[in-house]
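Fold and geometry: a report
Read off the chains here:
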Amino acid sequence: MTDIKIIEELDELKKSLRENSYRYYNLDDPLISDAEYDGMMNRLLEIEGTYPELVTLDSPSHRVGAKPLDFFEPVTHKIPMLSLANAFNDNDLRAFDKRVRELAGSDKMEYAVELKFDGLAVSLTYVNGAFLLGTTRGDGTVGENVTANLRTVDKIPLKISGFQELEVRGEVFMRRSDFEALNEKKAALSEKVFANPRNAAAGSLRQLDSKITAQRRLGFFAYSFPQPLDSLATHSDSMKYLQSLGFPVDPNSAVCGDIDCVIDFCNLWIKKRSELDYEVDGVVVKVNSLRLQQELGFVSRSPRWAIAYKLPSTEVKTKLLGIEVQVGRTGTLTPVAVLEPVLVDGSTVSRATLHNEDEIKRKNLKIGDYVWLHKAGQVIPEIISSIPELRTGDETDFLMPHNCPVCGESAVRIDGESAVRCINISCMAQIKEGLIHYCSKKAMDIAGFGRAIVEQLVDTGLVKSIEDIYSLTEQSLAGLERMGVKLAAKLISAREKSKSKPLKNFIYALGIRHVGERVAALLANRFGTVDNFLEASYDDFIAIGDVGPEIASMLILFIKDNRERILKLKEIGVFLDGAPGSRSKLPFASKSFVITGTLSAMGRSEAEDIIEGLGGKNSSSVSKKTDYVIAGAQPGSKYDKALALSVKILTETDFLDLIKQYEK
Ligand code: IVH
């Protein structure tokens, strides 16, 4: 029997620690000293160590971390964690406002505006008041269980009152000051430093040992209830309510009566963002009425009722030390700026692509120049212009080479194009880049065949073409540097597994110029099998919407030059429909599907992959020929069209039941 006095002391300690932690972290107004706080925490840990049966889920002792995990358990989100569409300028914001007002049939629209924190989205589930499950966003459908780590984040309440079950979403981040202090500490220990506060936050949250997370001083801002509460009418009310429950919310939010006010808010934060101690990369604009949010629903993976305005990136000055020339997969020679390393919007930049020689002329760049640099779309480092006033006279002009820097063959500029290309199709650089592309995740997804391995394979002469990848054996791989038996076996098994990737991945993997993921998917959908694809005519290609004369000609040329190689790959057994007739035996053979609305158990592309894997075709529009329309939550106009054309409609559950039968 546990002494009643101990239970009372424990309750008292928990209460006091909770109150003081809230005062310290959320109100910035502590009533007791750090030493007193630590003393109470130590006593709590001591009691809980002696009486483990008294450890409750909401105990403040979780703040110091728990036993290390072996891995993070995957968790399927009850409601998918979606992303936001982007706006880059006033016009985009006005177009968003117009769209929203038209859909809502209203002249006026009220928006809640708040900062977009540059951290990681997390979802927190409270059951009977206790914080029971905390997950990362993951791919939006399945995240990772990081509960023990989130319990160490002081700002996240371990206990709330008044709900059977409540889910709260928000952003975990690291303050700039904490990031700098952490990096200083790491540098002093000769450890690798984090590139930016976001990476530091992500690295800290994804620690298998939550005691490490506990030392990282992560911050948190709540920003929504994914399941709206009946008692609340607006998003701004939700934020107030979140605050009253003890969740930290950013004080820099506002409510705007029209889009002009939203634009003013964005402009204000373009100037003020650097004053904050945390990184923000935009402003999130949300329709304030929760009823309207429900009505507007979602399109693809984003809500129609919100948009993220991306703050333009900061411009910094740095020096152009040199210009290197890289050779890409299609032989294009790309000049790349080598820069004096400089910190811009949270990460250090030392290289930036210059695209082609015209771009260098247009920007008036000389080697040795000081230049203005920013991140285009917040991500890609870009030189804006040179600063000619700072020239000393020692700067030199850049000359595009007339020969490929890798193979030495002629590099020519094709009439009407700005790119200079190496014309040697056996050029090592092209071969390497083409192979790296072929093996990459969105292409054939051969796990482990990254740049380092592929470069070694080409350099040692083991691989000269895609076909050679399939002659590799564990024995032949064994000769490579740092290649153990286990790794070799893993690579071969990954290669075998990738043979059954759908046709769209294979077409994309071929690296045909102008054929990106989207066009590859259109082609795979239209032709279904590799044989049909190889037999297609120029007119067949043109008949596909979105395939213009340039792509069609490129496809005809590519097929002419590569038919034999592709047939050889088919013989080797690459891609599901390789074996004659095998695809027609699949359960969804010759059935076409259209997905509308949001699926909750899986992402749309995952559902599409399953359909394709079972032999079906995905289409983006409903016609009489459509066999099934899968309707997720908030379906769009495709649902109405399916009803009108009497196309069979499957709910998500129907679809899941259907595919369950074919699970291996
Ligand atoms: S609301 C349907 N509010 O932005 C998504 N998101 O692209 C609703 N983010 O992964 C999200 N600050 O992590 C919302 N004030 C804010 C945010 C915010 C940052 C992130 C979030 C999400 C991404 C959306």
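Use the structure listed above.
Just so it is clear, the structure is predicted and the values come from calculations on it, not from any experiment.

Structural notes on the overall build of the chain
In terms of helices and strands, the chain carries 24 helices and 24 strands. Whereas a compact globule of 664 residues would reach a radius of gyration of roughly 26 Å, the chain reaches 29 Å, a difference of no more than 12%. In terms of its C-alpha atoms, the chain occupies a principal-axis envelope of roughly 85 × 75 × 65 Å. Split into buried and exposed, the 664 residues of the chain put 47% on the buried side. In the chain, 66% of the contacts between residues at least 6 apart in sequence involve partners at least 24 apart. As presented, the chain carries roughly 33100 Å² of accessible surface, and 52% of it is formed by carbon and sulfur atoms. Counting 84 positive and 93 negative side-chain charges, the chain places the centres of these two groups 4 Å from one another.

Description of unusual backbone geometry
Of note in the backbone geometry, Asn 128 takes a positive phi value of approximately 50° without being a glycine. Of the residues examined, Asn 128 reaches a relative accessible area of 60% and is grouped as exposed. We note that Asp 445 has phi near 50°; this positive angle belongs to a residue other than glycine. Mapped onto the elements, Asp 445 comes out in the loop between α12 (428–439) and α13 (451–459).

Some thoughts on the site of the ligand
Every one of the 14 residues lining the ligand counts as a neighbour, but Leu 84, Glu 114, Leu 115, Glu 171 and Tyr 223 are closest to it. Between an oxygen atom of the ligand and a side-chain N or O atom of Glu 171, the distance comes to 2.4 Å. Starting from 510 Å² of accessible surface for the ligand in isolation, the protein chains cover 87%. Here the shell around the ligand gets four residues from one element, more than from any other, and that element is strand β3 (residues 111–117). Residue composition of the shell around the ligand, by class: eight nonpolar, one polar and five charged.

Section: the pairing of strand β14 (residues 316–327)
As paired elements, β14 and strand β17 (residues 370–376) share four bridges and run antiparallel to each other. Across the sheet, Lys 317 pairs through a bridge with Trp 372, a residue of β17. For β14 and strand β15 (residues 332–344), the ladder comprises seven bridges, and the chain directions are antiparallel. By the bridge assignment for β15, Val 327 is matched with Leu 333. Taken together, β14 and the strand that follows it, β15, pair antiparallel across an intervening segment of four residues, in which Gly 331 is found at a positive phi of about 85°.

Structural notes on the state of the cysteines
As enumerated under the stated definition, the model contains one disulfide in all. The disulfide that involves Cys 256 links it to Cys 261, with 2.2 Å between the sulfurs. Taking the sign of the S-S torsion, about -65° here, the bridge from Cys 256 to Cys 261 comes out left-handed. We classify Cys 256 as buried; its relative accessible area is 1%. Here Cys 422 is not cross-linked by a disulfide; its sulfur's nearest cysteine counterpart is in Cys 407, at 3.6 Å. By relative accessible area, which is 5% here, Cys 422 ends up buried. Cys 439 forms no disulfide, and the closest cysteine sulfur to it belongs to Cys 427, at a distance of 18 Å.

Points about the packing of aromatic side chains
Here the structure, examined in full by the defined rule, presents 17 aromatic pairs. Relative to Trp 305, the ring of Phe 298 lies with its centre 6.5 Å away and its plane at 75°, an arrangement referred to as edge-to-face. Given a relative accessible area of 15%, Trp 305 falls into the buried group. Members of the aromatic cluster, connected to one another through ring pairs, are Phe 117, Phe 173, Phe 221 and Tyr 278. Over the ring of Phe 131 we find Arg 151, and its NZ or CZ is 5.8 Å from the ring centre. Looking at Lys 272, its charged tip hangs above the ring of Trp 269, at a distance of 5.2 Å from the centre.

Considerations on the packing of α12 against α13
Taken N-terminus to C-terminus, the directions of α12 and α13 make an angle of 135°; their axes are 10 Å apart at the nearest point. On the basis of the axis angle, α12 is oblique to α13. Crossing of α12 over α13 shows right-handed handedness. Here α12 contributes Met 428, Ile 431, Lys 432, Glu 433, Leu 435 and Ile 436 to the contact with α13, which in turn contributes Arg 451, Val 454, Glu 455, Val 458 and Asp 459.

Describing the sheet that holds strand β4 (residues 120–127)
Here four strands make up an open sheet; going across it, the order is β5-β4-β7-β8 and the pairing antiparallel. Since the sheet does not close on itself, it has two edges, and those belong to β5 (130–136) and β8 (219–224), each with one partner. This sheet shows a mean twist of 35° between the axes of neighbouring strands, independent of strand direction. As paired elements, β4 and β5 share six bridges and run antiparallel to each other. Paired with Val 122 across the bridge in β5 is Thr 136. Seen against the sheet, helix α6 (residues 197–205) touches β4, β5 and β7 (165–173) and runs at an angle of roughly 40° to β4. Sheet contacts for helix α8 (residues 235–244): β7 and β8; angle to β8, the most-contacted strand, approximately 140°.

Some thoughts on helix α18 (residues 517–527)
Count 3.6 residues to each turn of an α-helix, and residues three or four apart come out pointing the same way. For α18, the full list of buried residues reads Val 519, Ala 520, Leu 523, Ala 524 and Phe 527. Projected down its long axis, α18 carries its buried residues within an arc of 135°, all on one side. Each element contacted by the buried residues of α18 is listed here: α17 (503–509), α19 (530–535), α20 (538–542) and α21 (549–572).

Parameters at a glance
Residues numbered from 1 in each chain as written. Predicted model: local features only at pLDDT ≥ 70, side-chain atom pairs only at ≥ 80, totals over all residues. Heavy atoms only, no water. Helix = DSSP H or I, 4+ residues; strand = E, 2+ residues; numbered from the N terminus. Rg over C-alpha atoms; globule rule 2.2 N^0.38 Å. Buried < 20%, exposed > 50% of the residue type's maximum accessible area, 1.4 Å probe, protein only. Contact = heavy atoms within 4.5 Å. Areas by Shrake-Rupley, 256 points an atom, 1.4 Å probe, with all protein chains shown as cover. Lys, Arg positive; Asp, Glu negative; His and termini not counted. Charge placed at Lys NZ, Arg CZ, Asp CG, Glu CD. Near = heavy atom within 4 Å. Polar contact = N/O pair within 3.5 Å; in protein donor to acceptor, adjacent residues only side chain to side chain. Nonpolar A, V, L, I, M, F, W, Y, C, P; charged D, E, K, R; others polar. Pairing = 2+ DSSP bridges. Disulfide = S-S within 2.5 Å. Phe/Tyr/Trp six-rings, centres within 6.5 Å; stacked < 30°, edge-to-face > 60°. Lys NZ or Arg CZ within 6 Å of the ring centre and 35° of its normal. Axes fitted to C-alpha atoms, helices over the stretch in contact; angles between N-to-C directions. Parallel < 35°, antiparallel > 145°, perpendicular 65-115°, else oblique. Left-handed = near helix turned anticlockwise from the far one by under 90°. Arc of directions from axis to C-beta.

The quantities given are spatial measurements derived from coordinates; they are silent on function.
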